[in-house]
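Structure at a glance
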Amino acid sequence: MSDPPVTVIRASPAEEADIRRRVREVDPASLGPDRVIATPAHAASLARMLADPRVSDPIYDLPRPITEASVRAWIEATAADQARGEAVLILSLDEAGEVAGYSRFSVWPDRSSAEIAGATRADRQNRGQGTAGAARSFGWMFEVLGVRLVGLTAALDNVRSARVIEAAGFRPMGERDSRRPDGTVRRSLYWEMTADEWRRVRDSREAPS
Ligand SMILES: CC(C)(COP(=O)(O)OP(=O)(O)OC[C@H]1O[C@@H](n2cnc3c(N)ncnc32)[C@H](O)[C@@H]1OP(=O)(O)O)[C@@H](O)C(=O)NCCC(=O)NCCS
């Protein structure tokens, strides 16, 4: 369970239906190579990755405790959410077919809004690939899911996340409380970006100098 953005947009019924359809029909390959929609068959490998505190500690909306059973239930719950057009759980796999990263997109179609939470396996962190990878995922939410607003949170001490989020052009909007699945609260840094802002940043970076 993730929290929707602070800013409230009201989508028209047609826009809401279009976003729900895009989420249901999403092609994971559009996010990058070796990406798949999570299925219960990935539960053991995903649980192994998430059990590493270097991967899961900074993330508030994971099932806890992290076990193969809790991760399987989370995969199944997200598949049900995807069937309603409200979430997608995409995994990246390594050469051995093991889970090497995940991105969970929460979508509020009636608000034309989305959030992403994700992590890279510990052996693939700190290689300087976070900024480009995150920017791709942010653009994907606007272009492929078709939302007009993305809200993002990060733990107050998550300097890497703050850096990749601000490098992509998100507006800092102070702090907010994030609710964990067990009901406890984590204080988070909070950012937003609209689709128009995203296009302006993208176009300015693509413009010839
Ligand atoms: C957050 C995460 C996706 C970033 O990916 P990554 O590949 O490890 O990140 P990078 O190595 O590209 O580092 C990201 C940026 O932080 C900077 N950075 C790294 N450590 C830093 C530190 N201690 N202080 C300041 N900046 C730091 C890097 O220089 C880089 O900035 P640059 O691109 O301008 O050089 C990854 O670390 C991860 O999965 N972490 C665990 C889960 C998590 O925090 N998820 C996000 C929840 S919001």
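Because the structure is a prediction, the values reported are computed rather than measured.

Cut-offs applied
Starting afresh in each chain, residues are numbered from 1 along the sequence in its written order. Selection of residues for local features in this predicted model requires a pLDDT of at least 70, selection of side-chain atom pairs for listing and counting requires 80 or more, and totals for whole chains, interfaces and linings are taken over all residues. With hydrogens and water stripped out, all remaining heavy atoms of the structure feed into the side-chain values. Note on definitions. A residue lies near a molecule or strand when any single heavy atom of the residue is within 4 Å of it. For the purposes of these results, a polar contact is taken to be a pair of N or O atoms within 3.5 Å, where, inside protein, one atom must be able to donate a hydrogen and its partner to accept one; residues adjacent in sequence count only when each atom of the pair is a side-chain atom. Residue exposure ignores everything except the shown protein chains as possible cover, and the areas themselves are Shrake-Rupley values with a 1.4 Å probe. Counting from the N terminus, the helices are the DSSP runs of H or I reaching at least four residues and the strands are the DSSP runs of E reaching at least two. Amino acids outside the nonpolar list (Ala, Val, Leu, Ile, Met, Phe, Trp, Tyr, Cys, Pro) and the charged list (Asp, Glu, Lys, Arg) are all regarded as polar, and Gly is one of them. Classification of ring pairs rests on two measures: the distance between centres of Phe, Tyr or Trp rings, Trp counted by its six-membered ring, which must be within 6.5 Å, and the angle between planes, read as stacked under 30 degrees, edge-to-face over 60 and tilted in between. Exposure is judged per residue with a 1.4 Å probe applied to protein chains only, and the accessible area is read against the type maximum: over 50% gives exposed, under 20% gives buried, and values in between give partly exposed. Over a ring means this: the NZ of a Lys or the CZ of an Arg is within 6 Å of the ring centre and within 35 degrees of the ring normal. UniProt positions are given in the numbering used here, feature names are shortened, and annotations may be inferred rather than shown by experiment. How far a helix is expected to stretch is found by multiplying one less than its residue total by 1.5 Å. Only heavy atoms matter for contacts: two residues are in contact if any of them lie within 4.5 Å across the pair. When DSSP locates at least two bridges between a pair of strands, those strands are taken to pair. Note on geometry: axes are C-alpha line fits, over the in-contact stretch for helices, and angles between N-to-C directions span 0 to 180 degrees. Should an angle fall under 35 degrees it is called roughly parallel, over 145 degrees roughly antiparallel, and 65 to 115 degrees roughly perpendicular, with every other angle called oblique. Should the near helix be turned anticlockwise from the far one by less than a right angle, the crossing is termed left-handed; should it be turned clockwise, right-handed.

Overview of the site of the ligand
Among the 21 residues in the neighbourhood of the ligand, the closest are listed as G118, T120, N126, G130 and T131. Between the ligand and G128 there is a distance of 2.9 Å, counted from an oxygen atom to a backbone nitrogen or oxygen. A distance of 2.8 Å is found between an oxygen atom of the ligand and a side-chain nitrogen or oxygen belonging to N158. Compared with its free state, where it exposes 940 Å², the ligand has 70% of that area covered by protein. For the shell around the ligand, the secondary-structure elements that each account for two or more residues are α3 (53-56), β4 (113-120), α5 (130-145) and α6 (159-167). In terms of residue count, the dominant contributor to the shell around the ligand is α6 (five residues). Among the residues making up the shell around the ligand, the classes are represented as six nonpolar, 11 polar and four charged.

What to know about the packing of aromatic side chains
For the coordinates displayed, the defined rule picks out four aromatic pairs. Residues F138 and F170 carry aromatic rings whose centres are separated by 4.9 Å and whose planes lie at 70° to one another, so their mutual orientation is edge-to-face. Of the two residues, F138 is situated in helix α5 and F170 in the loop between α6 and β6 (171-179); the sequence distance between them amounts to 32 residues. The buried category is assigned to F170, whose relative accessible area is 4%. Lying over the aromatic face of Y190, R176 brings its terminal NZ or CZ to 4.8 Å of the ring centre.

Description of the UniProt feature "domain: N-acetyltransferase" (unreviewed entry) in the chain
UniProt records the feature "domain: N-acetyltransferase" (unreviewed entry) for residues 33-196 in the present numbering. Taken end to end, residues 33-196 is 34% helix and 33% strand, and its two terminal C-alpha atoms sit 27 Å from one another.

A look at helix α7 (residues 195-206)
Helix length check: α7 (12 residues) gives 16 Å between terminal C-alpha atoms against 16 Å at 1.5 Å per residue, within 8%. Structurally, α7 contributes buried residues whose contacts are with α5, β6 and β7 (185-194).

Comments concerning the sheet that holds β4
The strand order across the open sheet formed by seven strands is β1-β2-β3-β4-β5-β7-β6, and the pairing between neighbours is mixed. Sheet topology places β1 (35-37) and β6 at the edges, where each strand pairs with a single neighbour. Taking each pair of neighbouring strands and ignoring which way they run, the sheet shows an average axis angle of 30°. Together, β5 (149-155), β6 and β7 form the strand contacts of α6, whose direction differs from that of β7 by roughly 15°. Strand contacts of α7: β6 and β7, with the helix running at about 65° to β7, the strand carrying the most contacts.

Some thoughts on the pairing of β7
Direction of pairing for β5 relative to β7: antiparallel, over a ladder of seven bridges. Along β7, the bridge assignment pairs L149 with T194. By the bridge criterion, seven bridges tie β6 to β7 in an arrangement that is antiparallel. Looking across to β7, one finds that R179 is bridged to V185. Here β6 hands over to β7 after five residues, with G183 in that stretch at a positive phi of 95°.

Observations regarding the packing of α5 against α6
Put simply, α5 and α6 touch, their axes get as near as 9 Å, and they point 55° apart. When the axes of α5 and α6 are compared, the pair comes out oblique. In this structure, α5 crosses over α6, and the sense of that crossing is right-handed. Contact with α5, carried on its side by G130, T131, A134 and F138, involves V164, I165 and A167 of α6 and no other residues of that element. When grouped by side-chain class, the residues that make up the contact of α5 with α6 number five nonpolar, two polar and no charged.

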